[in-house]
Amino acid sequence: MSYKVGFLHSWKAPVPIVVVGNLTAGGNGKTPVVIWLVEALIREGYRVGVVSRGYGGKAEQYPLVLSSNTTTDQAGDEPVLIYHRTKVPVAVAPKRSDAVKALLEVHCLDVIITDDGLQHYALARDYEIVVIDGERRFGNGWWLPAGPMRERAGRLKSVDALIVNGGQPQRNEIAMALEGDIAVNLLSGDKRLVTELRTVVAMAGIGHPPRFFSSLENKGLKLIQRYSFSDHQSYQQHQLTVLTPNNEPLLMTEKDAVKCQSFAQSNWWYLPVQASFDVLGEKKILSEIENIIGSYKKACS
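Residues numbered from 1 in each chain as written. Predicted model: local features only at pLDDT ≥ 70, side-chain atom pairs only at ≥ 80, totals over all residues. Heavy atoms only, no water.

Caption draft 1: Geometry of the pattern of salt bridges. What the rule picks out here adds up to 12 salt bridges. When the shortest N-O distance is used, the salt bridge between K30 and D115 registers 2.9 Å. Of this pair, K30 sits in helix α1 (residues 30–43) while D115 sits in strand β5 (residues 111–115), and the two are 85 residues apart along the sequence. An identical accessibility class is assigned to K30 and D115; each is buried. Across the salt bridge formed by K255 and E78, the nearest N and O atoms sit 2.9 Å from each other. Separated by 177 residues along the polypeptide, K255 in helix α7 (residues 254–257) and E78 in helix α3 (residues 77–86) bring together distant segments of the chain. Assigned by exposure class, K255 and E78 land together as buried. Three or more residues are tied together by salt bridges with common partners; here these are K30, E78, D115, D231 and K255. (Salt bridge = Lys/Arg side-chain N within 4 Å of Asp/Glu carboxyl O. Helix = DSSP H or I, 4+ residues; strand = E, 2+ residues; numbered from the N terminus. Buried < 20%, exposed > 50% of the residue type's maximum accessible area, 1.4 Å probe, protein only.)

Laid out in structure tokens, this is it:
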């Protein structure tokens, strides 16, 4: 509130800042949207970076610029996932402006995307995207912890784009679906159609595990067991090996997989997903962001 009324001033970066966030806590499909946006802007020739709070991680010092050796214990699961999927520069810090400055010290970038941070008003932004769970939407409408809300739904009137993940999009909302059919073995890297696994034990440590389980059943898989873990939970090897006493395939989300890579077993698989949009909605978001990028004077060549 202090930023909104002018008591405190937001820090303005020398490059465009695009926020991908939500009004409710967890499980909306925000990270796949970040990955889609990064990859789409790269295809258009832009140099892209990502910053995040790094929730669930604890680095020895901040800001932390990720490398191939950075662990989820240090940076959190979502930043590590984004880094390995997109190969773009990623930095984390509780104060996101510190993460932005750290990236710009070592990389020449055209635009920076902040994974979450809609409510982090200390960092000025040029474009805001809100991702809505189309099935759960805003639940009981109450503030945390009594309900799922971080901000009131009226905040939607001031953002630049509304993306709805599943369900029925309402007026001015862009429909999104999460697609993924190729399972990847954590130990070997082998890939196969997820339907070839047929019967699996499924686990998910995400904001809304039932979405993952339902997606697998919709593909025709038989789920022997479903194990839900808390969002951002860290794992130990023994904790997961007991889930498959008969060496059944254990199928997890990619967000879970980045935390299990160091002790992966041969029967462990994960399912990467990609965000898919209607063509007009996708073009709208990209053209508006490109116009913003074009309005900035390049800080480096």
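Caption draft 2: Molecular detail of the pairing of strand β6 (residues 127–133). With seven of seven residues buried, β6 lies mostly within the body of the structure. Residues Y127, I129, V131 and D133 point to one face of β6 and E128, V130 and I132 to the other, with burial holding for every one of them. In the sheet, strand β1 (residues 17–21) pairs with β6 via four bridges, with the strands oriented parallel. Opposite V19, over in β6, you have E128 as the bridge partner. Summarising the sheet, β6 and strand β7 (residues 161–165) pair through five bridges and their orientation is parallel. Considered in β7, the bridge of D133 is made with N165. (Pairing = 2+ DSSP bridges.)

Caption draft 3: Layout of the side chain of T86. Counting through the fold element by element, T86 comes out in helix α3. On the basis of relative accessibility, which here comes to 10%, the residue T86 falls in the buried class. Here the side chain of T86 touches I82 through a polar contact of 2.7 Å, landing on its backbone oxygen. If we skip the residues at most four places from it in the chain, T86 touches I35, V38 and I42. (Polar contact = N/O pair within 3.5 Å; in protein donor to acceptor, adjacent residues only side chain to side chain. Contact = heavy atoms within 4.5 Å.)

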